[in-house]
Amino acid sequence: MRSKRWRKRLNSFLAVGLVASMLVPSIPAIAKAEPAVSDLFISEYIEGSSFNKAVELYNGTGQTVDLSQYSLELYANGATVATSKLTLSGTLGPNKTFVVYHRDAVAGIKDKGNLENMSVINFNGDDALVLKKEDKVIDSFGQVGVRNNWGMDVTLVRKAAITSGDSVPNDAFNRNDEWSVYPKDTFDYLGSHEMDGTEPGEPGNPDEPGESLLIHDIQGEGHVSPYNGQSVKGVEGIVTYKYVLNGSTYYHIQTPDDKRDGNMNTSEAIVLYSGRDAWNLSVGDLVSVTGKVSEYAIDGYADRQETDLKTTQINVRDDQGGKVKILERNVPLPTPFIINERNLPQDKIASYQFIEFDPTKYAADFWESREAMLVQVGNVKAVGPQEHGDLVTVFENAATETVNGGILLKEDDQNAERVQFRLEPNGPARDFEVATGDRFEGPITGVVGYSFQNYKIYTSLNDMQQAHVKGDAIPEKTTIVKAEDKLTIASYNLENFSNNTKTTSIDKAKKLARAFAVDMQSPDIIGVTEVQDNNGPDAGDSKANQSYERLIQAIVDAGGVKYEYVNIDPVNNEDGGQPNANIRVGFLYNPARVSLTEGIPHGDATTAVGYENGKLTLNPGRISPNDPAFNSSRKPLAAQFDFQGESIVVIANHWNSKTGDTPLFGSTQPPIYGSEVQRKKIAQLVYDFISEIKTDNPDANIVSLGDFNDFQFAEPLKIHEGSIMTNMINHVEKADRYSYVYQGNSQVLDHILVSNNLVDQTEIDILHINADFTDMAGRASDHDPVMVQIGFEAPVVWEPVPIKKVYNLINYHKKQVMIAEPNVAVYMDAQSSLKDGMYLKGDYAELTGEGFKTNTVILQPKKKGLIVDMKGTEMSHVIVEGSNPLEIRGAENIKKIDFVKGADASKVIFYNSKGKRITEPTFNTESLRKAS
């Protein structure tokens, strides 16, 4: 029975409802007689595999035409002037076609061709073509000056009703208006054309002799179905999945295994949209469906039809002409397609404007070619916490980069290798506690879908819970050892904190307070973002005094200090964020350690702060609050503090969000980061304000912190740094360099920048207490806090030490070298190698040279002590033995340091090359990192 139902295809023309009258023609050069028209027009367009490209012209004038009057022009890559031109020759008789084809096309095209060409007929699917008679446009394909994929991987035949060309080449082009769409590499209609000058009739009957349409033909090779907008009948498949979204039911159906086309570029499955669902199908039903094909972004944000990739679906709603017939029940499901490291592209998401469709090269194309299909993966590991019932993973053997097992978003790598899951039922899935680094043991089976800007494998929550293996990630405490004479400053996004207990729970307040009091050990100053007004999102004014007081009391209850707050209430509903909530930036400070500089008036929402005679003109004051750059965004708040005789200006920032940026796996490639324009303007305003301070007071101490909603490598942060600030995030070891995880990409949005005069005495710590975890694991915000400790002591100036012996190790190869002389200078070049390292036992040593990048140095101080000046030289590995006194100068570039045989890091004195005390070298976080 099934072999009769799935008839062998006779040719590439398939039985679609709109074109039942178009039987596959023979291949004469002359079409049947049709109404006379005024001039030639383009009757067929082929853009297929490789160089299978052709354009067919049709003469319906009733007269023989002199082709030497005509030319065909190519407008490539959105050009507004022709990039190639082909002047025709010869004559074309009435009702005949003239085919121009690429030299390297297949025989199926060449056999019907009239003229070989490699200039104009070298177009891509987003290029425009113009047919001219002398200098007059008589027809066009596509839209001149615009790039769109109107003709990618498709054969288009001019509808029989069309009797003239499109003489306005720069008007909008909709191929469905005048063209019938056929799958890639369909050549059956080439060399002939039918024109009757009447509108098409009703769809034919797919049960008539011929063949049924198969799912892979509807899907086609590309992101848009060649049957988009057309009605189809008799499409058969096995139900593999069912879900309900917003009251509508969706099914996935897939071609049986023995009917697959073997083409890895086409999906064998498709989504059925059934609305209120009159069909009540079950997984395992073999069905035949009738309905209209469409491309639709099923689930996502409000702008998803403009930003997201769309899913090919058949509308089978019974109230819109759809039909579903169950042919057989309990049919074995198709074999899942295995997805693994070998077939999923790792490096690129999509080609430029989807010009190239290649599932072996581009991840978006790979997922598109598996759209709606039953798939299976092996062991995977989470690269972010469960969020909204979704999980983002990578394969078990994939390299991870963060301390907890995540992957870093980089300027040139968006991590195309991510494998995302949507867990169903989605409601309970949101309570599934999964942290970064957790593992899942395969095989895991599901169907490919797309929602909220990403392809995902829709799978069972229960199955994922059974596969779950808990990892090692736990929230951290700060690694900074607080010093009485140093100032600690933190930045923390509180994620919509208010005094409204309906929207900010008691549990959230306790978790935030724990971070201040325990995890960060009560920093002296904290720049806070997303503090809402007292009512939160409820209607009211913009005052936030109760919100701050609630937070301060919660910190006290958690064992922390009693802070005071610095705040300016914004103009109601002018600073963006949740409507009526009036988020703003502000400060908490410990009055027992620091004080707000006195004698300066308090600012307001609309008056700009300045800097004169060593002081802010307002304290606190807002930076350029009336500048259009801050429309619907938070205005930076500057405050001046006094600490142990030092003055410091701290700026709290919360720049405009990334709303409006197109997604990584979106319909625009490459993505457009439109929101960055505003952040660049804000960055310049903040930098100009800091420049004003530095002009008045070159020695001013300045810290700028907050949620900048952009990355350390992005242009806005580079503008903010300029020549007078340093982003301390770049001093964090790579594995720790993230404060936020979005769609599985670990990234930095929260930064602390310091004026250059503070860099050498500033250490930084990012506390991973939120971004890698769910609410169930103690997460209080979607951002991790960032903290610095700043020293203000003057640098040490050392007296020169007379060198008694110099060692020049050039291309030196030994098992080890022992140096015990009192005062030595050692140079070692890059070619030298010491298998067991260099031992230093004297009184004083200076170390320079590229050789220390690859060789180990063992320090064995005697009872009276040892001083080693590394001159800022990069040291791959330093080992300290014993507990005798040790001072290491120029130590900022030690990559790894170990303490053995009684050695203790706290008893070693470290300086950088400029003579300023530093803690244990920043880059050695393996020995520094502590977990709570």
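About the criteria used
The residue count restarts for each chain, going from 1 along the sequence in the order it is written. Given that this is a predicted model, residues contribute local features only at a pLDDT of at least 70 and side-chain atom pairs are listed and counted only at 80 or more, while totals for whole chains, interfaces and linings are drawn from all residues. Calculation of side-chain values draws on the structure's entire complement of heavy atoms; hydrogens and water are dropped beforehand. Strands here mean DSSP runs of E at least two residues long; helices mean DSSP runs of H or I at least four residues long; both are numbered from the N terminus. Burial classification: accessible surface area is computed with a 1.4 Å probe over protein chains only, and a residue below 20% of its type maximum counts as buried, one above 50% as exposed, and the rest as partly exposed. Contacts were defined at the residue level, with two residues in contact if any of their heavy atoms lie within 4.5 Å. Shrake-Rupley sampling with a 1.4 Å probe provides the accessible areas, and residues are treated as covered by the protein chains on show and by no other component. Under this rule, positive means Lys or Arg and negative means Asp or Glu; His and the chain ends count for nothing. Taken as the charge location is NZ of Lys, CZ of Arg, CG of Asp or CD of Glu. A pair of Phe, Tyr and Trp rings is counted when the ring centres sit within 6.5 Å of each other, with Trp represented by its six-membered ring. The angle between the planes then sorts it: under 30 degrees is stacked, over 60 is edge-to-face, the rest tilted. Only when the NZ atom of a Lys or the CZ atom of an Arg is both within 6 Å of the ring centre and within 35 degrees of the ring normal do we say a charge sits over the ring. Put simply, a nonpolar core is a bunch of buried Ala, Val, Leu, Ile, Met, Phe, Trp, Tyr and Cys residues held in one set by side-chain atoms that sit within 4.5 Å of each other. Throughout this description, the term salt bridge denotes a Lys or Arg side-chain nitrogen within 4 Å of a carboxyl oxygen of Asp or Glu. One bridge is not enough; two strands pair if DSSP finds at least two bridges between them. Interaxial angles span 0 to 180 degrees and are taken between N-to-C directions of axes, which are lines fitted to C-alpha atoms, for helices over the stretch in contact. By the definition used in this description, the sense in which the near helix is turned from the far one sets the handedness, with an anticlockwise turn below a right angle giving left-handed and a clockwise turn giving right-handed. Following the grouping adopted for this structure description, the nonpolar residues are Ala, Val, Leu, Ile, Met, Phe, Trp, Tyr, Cys and Pro, the charged ones are Asp, Glu, Lys and Arg, and the polar ones are all others, Gly among them. To estimate the expected span of a helix, subtract one from its residue number and multiply by 1.5 Å. Values of pLDDT, the confidence the predictor places in each residue, fall between 0 and 100.

Where an unreviewed UniProt entry is consulted, the protein chain appears under the name Lamin tail domain-containing protein, with the organism given as Sporosarcina highlanderae.

## Quick look at the overall build of the protein chain
A count of helical and extended segments in the protein chain gives 13 helices and 59 strands. Reported as C-alpha extents along the three principal axes, the dimensions of the protein chain are approximately 105 × 75 × 60 Å. Within the protein chain, buried positions represent 58% of all 932 residues. A fraction of 65% describes how many contacts in the protein chain between residues 6 or more apart in sequence connect residues 24 or more apart. Accessible surface, the protein chain as shown: approximately 36700 Å² in total, 48% of it carbon and sulfur. Here the protein chain holds 92 positive side-chain charges and 128 negative ones, and the gap between their average locations is 4 Å.

## Here's the deal with the packing of aromatic side chains
As enumerated under the stated definition, the model contains 26 aromatic pairs in all. Measuring from ring centre to ring centre gives 4.5 Å for tyrosine 548 and tyrosine 565, while their planes differ by 0°; the resulting arrangement is stacked. Note that tyrosine 548 is positioned in helix α10 (residues 545–557) and tyrosine 565 in strand β31 (residues 564–566), a separation of 17 residues in sequence. Put simply, the rings of Tyr45, Phe123, Phe141, Trp150, Phe173 and Trp179 touch in pairs and so form one group of aromatic residues. Taking NZ or CZ as reference, arginine 370 lies 4.8 Å from the ring centre of phenylalanine 366, over its face.

## A closer look at the nonpolar core
Ranked by internal contacts, the top residues of the largest apolar core, which has 48 residues, are Ile339, Trp367, Phe421 and Phe440. In contact with phenylalanine 440, not counting residues within four places along its chain, are Gly378, Asn379, Val380, Ala382, Leu391, Phe432, Val434, Met464, Ala467 and His468. Core analysis: the second largest hydrophobic core is formed by 33 residues, Leu637, Val748, Ile764 and Ile766 among them.

## Details of the pattern of salt bridges
Inspection of every chain in the model, using the stated rule, returns 45 salt bridges. The salt bridge involving aspartate 299 is made with arginine 422; its shortest N-O contact spans 2.9 Å. Of this pair, aspartate 299 sits in the loop between β16 (286–296) and α5 (304–307) while arginine 422 sits in strand β24 (residues 419–424), placing them 123 residues apart in sequence. A single burial state applies to aspartate 299 and to arginine 422, both of which are buried. Salt bridges here are not isolated pairs; linked through shared partners, they connect Lys658, Asp661, Arg679 and Asp710.

## Concerning the pairing of strand β11 (residues 154–158)
Among the five residues in β11, five count as buried, and that is most of the element. Alternating residues of β11 divide into Val154, Leu156 and Arg158 and Thr155 and Val157, and every residue in both groups is buried. Inspection of the sheet shows strand β1 (residues 41–47) paired to β11 by four bridges, in the antiparallel sense. When the bridges of β11 are listed, glutamate 47 appears paired with valine 154.

## What about the sheet that holds β24?
Taken in spatial order, the nine strands of this open sheet run β19-β20-β26-β27-β24-β22-β21-β25-β28, and their pairing is mixed. On the outer flanks of this sheet lie β19 (337–338) and β28 (468–469), each paired with one strand and no other. Judged from the two bridges that link them, β19 and strand β20 (residues 374–377) form a sheet pairing that is parallel. Across the sheet, the residue bridging to phenylalanine 337 is valine 375, located in β20.

## Overview of the environment of tyrosine 589
Along the polypeptide, tyrosine 589 turns up in strand β32 (residues 584–589). In this structure, the C-alpha to C-alpha distance between tyrosine 589 and aspartate 524, residues 65 residues apart in sequence, is 5.6 Å.

## Focus: the environment of aspartate 699
Secondary-structure assignment places aspartate 699 in the loop between α11 (676–696) and β39 (701–707). Between the C-alpha atoms of aspartate 699 and histidine 783, which are 84 residues apart in sequence, the distance is 32 Å. Excluding residues within four positions of it along the chain, aspartate 699 makes contact with Lys694 and Asn757.

## Let's talk about the environment of alanine 820
Structurally, alanine 820 can be placed in the loop between β48 (817–819) and β49 (823–828). Looking at alanine 820, the relative accessible area reads 47%, which means it is partly exposed. On a C-alpha basis, the gap between alanine 820 and glutamine 761 in space is 33 Å, while along the polypeptide they are 59 residues apart. Not counting residues up to four positions away in its chain, the partners in contact with alanine 820 are Lys841 and Gly842.

## A word on the side chain of aspartate 365
Here aspartate 365 is to be found in helix α6 (residues 363–368). An unpaired buried charge is present at aspartate 365: no salt bridge exists, and lysine 361, the closest side chain of opposite charge, is 8.7 Å distant. Excluding its chain neighbours within four sequence positions, the residues that come into contact with aspartate 365 are His223, Ile349, Phe354, Glu356, Phe357, Asp358 and Pro359.

## What about the pairing of strand β56 (residues 886–889)?
Here is the key point about a regular strand: its side chains alternate between the two faces of the sheet. Where burial is concerned, the two faces of β56 agree: the one with Leu886 and Ile888 and the one with Glu887 and Arg889 are both buried. Pairing analysis gives four bridges linking strand β54 (residues 866–869) to β56, with the strands arranged parallel. Along β56, the bridge assignment pairs leucine 866 with leucine 886. Relative to strand β58 (residues 908–911), β56 is paired through three bridges, and the arrangement is parallel. Along β58, the bridge assignment pairs glutamate 887 with isoleucine 909.

## Considering the sheet that holds strand β23 (residues 407–408)
With respect to topology, three strands assemble into an open sheet ordered β23-β42-β41, the strand pairing being mixed. Looking at the sheet topology across the chains shown, the edges are occupied by β23 and β41 (740–742). In terms of strand pairing, β41 meets strand β42 (residues 745–747) through three bridges, oriented antiparallel. Pairing of tyrosine 740 across the sheet is with glutamine 747, part of β42.

## So, the packing of helix α9 (residues 506–519) against α10
At a minimum axis distance of 8 Å, the contact between α9 and α10 shows a crossing angle of 60°. For the crossing formed where α9 meets α10, the hand is right-handed. Between α9, through Ile506, Ala509, Leu512, Ala513, Phe516 and Ala517, and α10, the contact on the second element is made entirely by Arg550, Leu551, Ala554 and Ile555. Among the residues making up the contact of α9 with α10, the classes are represented as nine nonpolar, no polar and one charged.

## Re α9
Here α9 contains 14 residues, and its C-alpha end-to-end distance of 19 Å stays within 8% of the 20 Å for a straight helix at 1.5 Å per residue. Restricting attention to buried positions, one finds in α9 the residues Lys508, Ala509, Lys511, Leu512, Ala513, Ala515, Phe516, Ala517 and Asp519. On its buried face, α9 sits against β29 (487–497), β30 (525–531) and α10. At the exit of α9 stands glutamine 521, carrying a positive phi of roughly 55°.

## Considering the confidence of the model for the protein chain
Here the protein chain averages 91 in pLDDT, while 93% of its residues score no lower than 70. A low-confidence stretch, residues 199–210 stays under pLDDT 50, and its non-local contacts, those more than four residues away or across chains, total 15 contacts.

## Digging into unusual backbone geometry
For the bond running from glycine 442 to proline 443, omega is 5°, close enough to zero to count as cis. Counting through the fold element by element, proline 443 comes out in the loop between β25 (439–440) and β26 (444–451). Residue proline 670 is reached from glutamine 669 by a cis peptide bond, and omega for that bond is -5°. Mapping proline 670 onto the fold places it in the loop between β38 (646–654) and α11. Phi at aspartate 185 takes a positive value of approximately 65°, unusual for a residue other than glycine.

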